[in-house]
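The primary structure of each chain is shown beneath.
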Amino acid sequence: MRRGLNPWLWAALAVALLACGGGSDGSADGRADVSDLADSADAASDVADDGPATPSRFDYGVPLSPSSPWPKFRRTARQDGRAPIPAAASERAPWRFPTGKGIFSSAVIDGEGTAYIGSASGVFHAIDRDGVERWSVTTGEIIDSAGLLDDKGRVYFGSGDGRLYARDAATGAEVWTYEADDPAETGAFIRWFEGNVALGPDGTLLVPNDNWRIYAIDRDAGTVRWAFTMPEQTWSLPAVDVATGALYVGNNNLLPILGDNVFAIDAAGGSLWSASTLGTIAASPLLTADGKLILGGFDGYVRAFDAADGTVLWSRGLRDHIYASPAELSTGVLIQPGADGTIWALDPDTGAPVWSFDTREPIRSSPAIDGNDRIYVGSGEGRLFVLEPDGRLRYAMRLIAGDRNDLNSSPALGPEAVVIAGESGEIFSVPYDYCLRPASASDGRCTLGPAEDLPSDGAFVLYTTHFGSPLDAPPERIDPHQPLAFSLYVRESGDTRLALIDAAALKVTITPEVDLLVDVSADRRFVSVVPSSGFATDAEGTVTLSVAGDYLVDPEREGLVMKGGSPGGSFSRSFAFKLTDPIAAEPLRVPAAAGDGATAFDLARLAAPLPTILPSYNQIGFDSLHYRIGVVAETGAGVLGWMVGRRFDPASGTVLSDPATRSTFPIRIRDAADGFTTFTSDGGFSLEAMGATLGFDRFWLAAAHPAVRPDALTATLSVVADCGGIVFFGPFLRNLGFCSPQTDQLVAFGAVEVRRAAEPLTGPGKRVGDVVFSRTAKGILASVTGSQLLRDAHSFGLLVVDDATGLPVPLDYGPDTTTEAASDGTLAAVRVDAGEVALPAALSVWLLVDAWPGASGKLGP
């Protein structure tokens, strides 16, 4: 994945950002689709074999599968990401295998070319060299970590359900299943296995867990030999010194004052040394042959530690945070991609850049290197890049054409093809020579090198889609209330330069003039523009928007917190848009009284690409949360709705009520009956998810009716969060550069699927009961008698509206709502505390059953 560092924090942010997963639970018939990837599958290749033959056995120094060319994440115990695969010509056809949800995990490949990989659908797949599924295992949660193949014919893999699975690699038959310690016992919040699987020289499995432990597990018995306590979740996979059995690993700990985040552990589970950096370390370290530990972090620095004592030998700052793990050429040169969109080659002794190759979007995929020192990397553009050892482009191939196109999975090198997966939920196998075949010359997905496909010089303002893709040519049309984003790119002498928008000099103008909400992101890389009352057009039906200003270079930095900077130049660009044509849409169904049927909307598959660090923390988590908005009532302020978190059940493949959710809040719904709907909140609300409370200043979601775009249900989302209102975690966000130094706000931009329910929401089909609303010393109470609704079967809430304004009273609805059950388990009471908020004299109150208004009442002073 990632589901989320501090997932309780990021799942909460997902609510504000909206969240969801979607899709089916796998391919229709267990076979890959080869038709659209194999345009030249039958053409014989005449590309010469320019490397040695693939070895039939590999010496790993630890008991990995000796016939496997890629048996674990980063391949070797040292994790150099390099395989002696010649990447020779073949006549193999490319294929793609669809799964139910997005993929952040990476494949391992056996000697026959079978790929083993899990998906956010919770299913772990074994897919043979032709793209046919051999077997699969369904787990109880997301799978976003890689497996491991050993010399006993087994594959080991973890899941978000807290279980580590040992299965027969040939058949999928169970060997054993281990269940991690309950997070309540470890001080953590969840127990996901997200850190991949490593192996010690004696065959001990080394497996990090989100319950703040790294486990050493006997691979025959499935029992714990020892456990090492970490300060936070661990996604980083330990590198192992084959000679000593020592392991080296990073940790998600955010702040040095709370402890270290780089650890050296001996073979018995004792501490050797530890060190701290300025941010999370999700990457897996590389242990060089001469004793250096190479590791990048979310503070934007690659560091070389002395593996003997943890001394920092050198550090190199990149332009953005680092998620990807490093690799090593046969010459010792280090290959480090960054979320700045650049693949960096660094001198192993000094960290100095040897060369760099720039792309347009963040790279979270860790590089793989073949026997010819060619480099394979997935990108946020949905393309697989293949580079020569000197950084020249050999070829690139676009594997995902849709919007959800991040290839955050890391490539694995098989006997005849590279295997990689992406946000679209597809697994791809690409023969090494495919784009170089003469028959592939007409395949528009292939781009041949040697150069980058970027301009050499200039400052560019690029329209940026809600999936984070910067476009040279913006779309012709936008929706009437759609939030917009624009990103700054600066190129000098053929390289991308670190450049920051000078917020004080920024000017955004629009014709015809309307009120705009303009925010510069905390990292000063993009501008968010929200039309507070919608766009207007001139006599020609055009909206003209101009973005102009200055940018700064050479800022002072501490991690990714950038301060000051020198004038670097200016930028200016005007955009002309038409508005999407309206349609006659079915109006919202507003209940005439509580209990009536109401229009409902289901939300799923959030993408939050801006700022770039959000997907690195939680892309698969965002993609896997679900919400529902139900229309509650119409007041003097318009139509009010209630948004509530839901849960996906992997066993049934359906989305269900979530009684445990505390992700609930009121929302205003503006439906112009022209095919466009906006869901907004002007702030003043907080919500809770997995232990963290977050406060928000603005929520804006613009969606189109399916009749407007029947093939695209994706809505555009803009969220501004108050870092000061984020209990406990505010300092973490500031330290990572999330929060604007001027406003203390986090500005986020993204997308979410919004589906209007075909039938009105009519409730659970059982009696709500007799409800009496009253004021208490702390807030509002709903006393319920005679209910048939079980307290633990639904999410219950109270929406409190000021009758004078028609607006919701700004309460912390999720965190401060509690319920009581009668002796038979049915609902007896719901209360919401007002905290420091002074309640208005005249109130309207609704009792919500999930997202449905089950009862209402009035309260005086």
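First, a word on what this report is: a plain description of the structure on this page. Since this is a predicted model, take the numbers as computed values, not measurements. (Residues numbered from 1 in each chain as written. Predicted model: local features only at pLDDT ≥ 70, side-chain atom pairs only at ≥ 80, totals over all residues. Heavy atoms only, no water.)

**Topic: the sheet that holds strand S21 (residues 312-317)**
Here is step 1: An order of S18-S19-S20-S21 is seen for the four strands of this open sheet, with the pairing classed as antiparallel. Each end of this open sheet is capped by a strand with a single partner; those strands are strand S18 (286-287) and S21.
Here is step 2: Here five bridges tie strand S20 (residues 301-306) to S21, and the two strands are oriented antiparallel to one another. Of the residues in S21, the one forming a bridge with Val302 is Arg316. (Pairing = 2+ DSSP bridges. Helix = DSSP H or I, 4+ residues; strand = E, 2+ residues; numbered from the N terminus.)

**Points about the state of the cysteines**
Here is step 1: Within the structure shown, the criterion is met by two disulfides.
Here is step 2: Bridging Cys435 to Cys446, the disulfide has an S-S length of 2.1 Å. What sets the handedness of the Cys435 and Cys446 disulfide is the S-S torsion sign, and at about -70° it is left-handed. Taken as a pair, Cys435 in the loop between strand S32 (426-431) and strand S33 (446-448) and Cys446 in strand S33 lie far apart in primary sequence, eleven residues in all. Judged on exposure class, the residue Cys435 and its partner Cys446 are both buried.
Here is step 3: Disulfide pairing is shown between Cys723 and Cys739; the S-S distance is 2.0 Å. Its torsion about the S-S bond being -90°, the disulfide of Cys723 and Cys739 is classed as left-handed. Residue Cys723 is located in the loop between strand S55 (714-722) and helix H4 (730-735), and its partner Cys739 is located in the loop between H4 and strand S56 (745-756); the two are separated by 16 residues in the primary sequence. Across the pair, exposure class does not vary: Cys723 and Cys739 are buried alike.
Here is step 4: Sequence-ordered numbering of the bonded cysteines in the protein gives a pairing of 1-2, 3-4. (Disulfide = S-S within 2.5 Å. Buried < 20%, exposed > 50% of the residue type's maximum accessible area, 1.4 Å probe, protein only.)

**Concerning the pairing of strand S12 (residues 213-217)**
In regular strands, side chains alternate between the two faces of the sheet.
Here is step 1: A large share of S12 lies buried, amounting to four of its five residues.
Here is step 2: By the bridge criterion, five bridges tie strand S11 (residues 205-209) to S12 in an arrangement that is antiparallel. Within S12, the position partnered with Pro208 by the bridge is Ile214.
Here is step 3: Counting the residues that bridge the hairpin from S11 to S12 gives three residues, and of these Trp212 lies at a positive phi of roughly 75°.
Here is step 4: The antiparallel pairing of S12 with strand S13 (residues 224-229) creates a hairpin that spans six residues between the two strands, and Gly222 there sits at a positive phi of about 70°.

**As for the sheet that holds S33**
Here is step 1: Strand order in this open sheet of five strands is S26-S27-S28-S29-S33, and the pairing throughout is antiparallel. Each edge of the open sheet is held by one strand with a lone partner, namely strand S26 (368-369) and S33.
Here is step 2: Relative to S33, strand S29 (residues 393-398) runs antiparallel, the two being bridged by three bridges. Directly across from Met397, in S33, lies its bridge partner Cys446.

**A few points about the side chain of Thr359**
Here is step 1: Assignment of secondary structure puts Thr359 in the loop between strand S25 (353-358) and S26.
Here is step 2: Within polar-contact distance, the side chain of Thr359 engages the backbone oxygen of Glu361 at 3.2 Å. (Polar contact = N/O pair within 3.5 Å; in protein donor to acceptor, adjacent residues only side chain to side chain.)

**Some thoughts on helix H3 (residues 613-624)**
Here is step 1: Most of H3 is tucked away: twelve of the twelve residues are buried.
Here is step 2: Three or more residues of H3 are buried, namely Ile613, Leu614, Pro615, Ser616, Tyr617, Asn618, Gln619, Ile620, Gly621, Phe622, Asp623 and Ser624.

**Thoughts on the packing of aromatic side chains**
Here is step 1: This structure, assessed with the given rule, holds 24 aromatic pairs.
Here is step 2: Where Phe193 meets Tyr215, the ring centres are 6.5 Å apart and the plane angle is 55°; that geometry is what we call tilted. Of this pair, Phe193 sits in the loop between helix H2 (183-186) and strand S10 (198-199) while Tyr215 is found in strand S12, placing the two residues 22 residues apart along the sequence.
Here is step 3: Judged by centre distance (6.3 Å) and plane angle (35°), the rings of Phe298 and Tyr323 are tilted. Residue Phe298 is located in the loop between strand S19 (292-296) and S20, and its partner Tyr323 is located in the loop between S21 and strand S22 (327-328); the two are separated by 25 residues in the primary sequence.
Here is step 4: Classification of Phe298 by relative accessible area gives buried; the value is 0%.
Here is step 5: Taken together, the ring pairs connect Phe104, Phe298, Tyr323, Tyr617 and Phe738 into an aromatic cluster.
Here is step 6: Over the ring of Phe73 we find Arg74, and its NZ or CZ is 5.7 Å from the ring centre.
Here is step 7: Here the guanidinium or amino end of Lys101 rests over the ring plane of Phe648, the centre of that ring lying 3.6 Å away. (Phe/Tyr/Trp six-rings, centres within 6.5 Å; stacked < 30°, edge-to-face > 60°. Lys NZ or Arg CZ within 6 Å of the ring centre and 35° of its normal.)

From the geometry alone we can't say anything about function, so treat these as descriptive.
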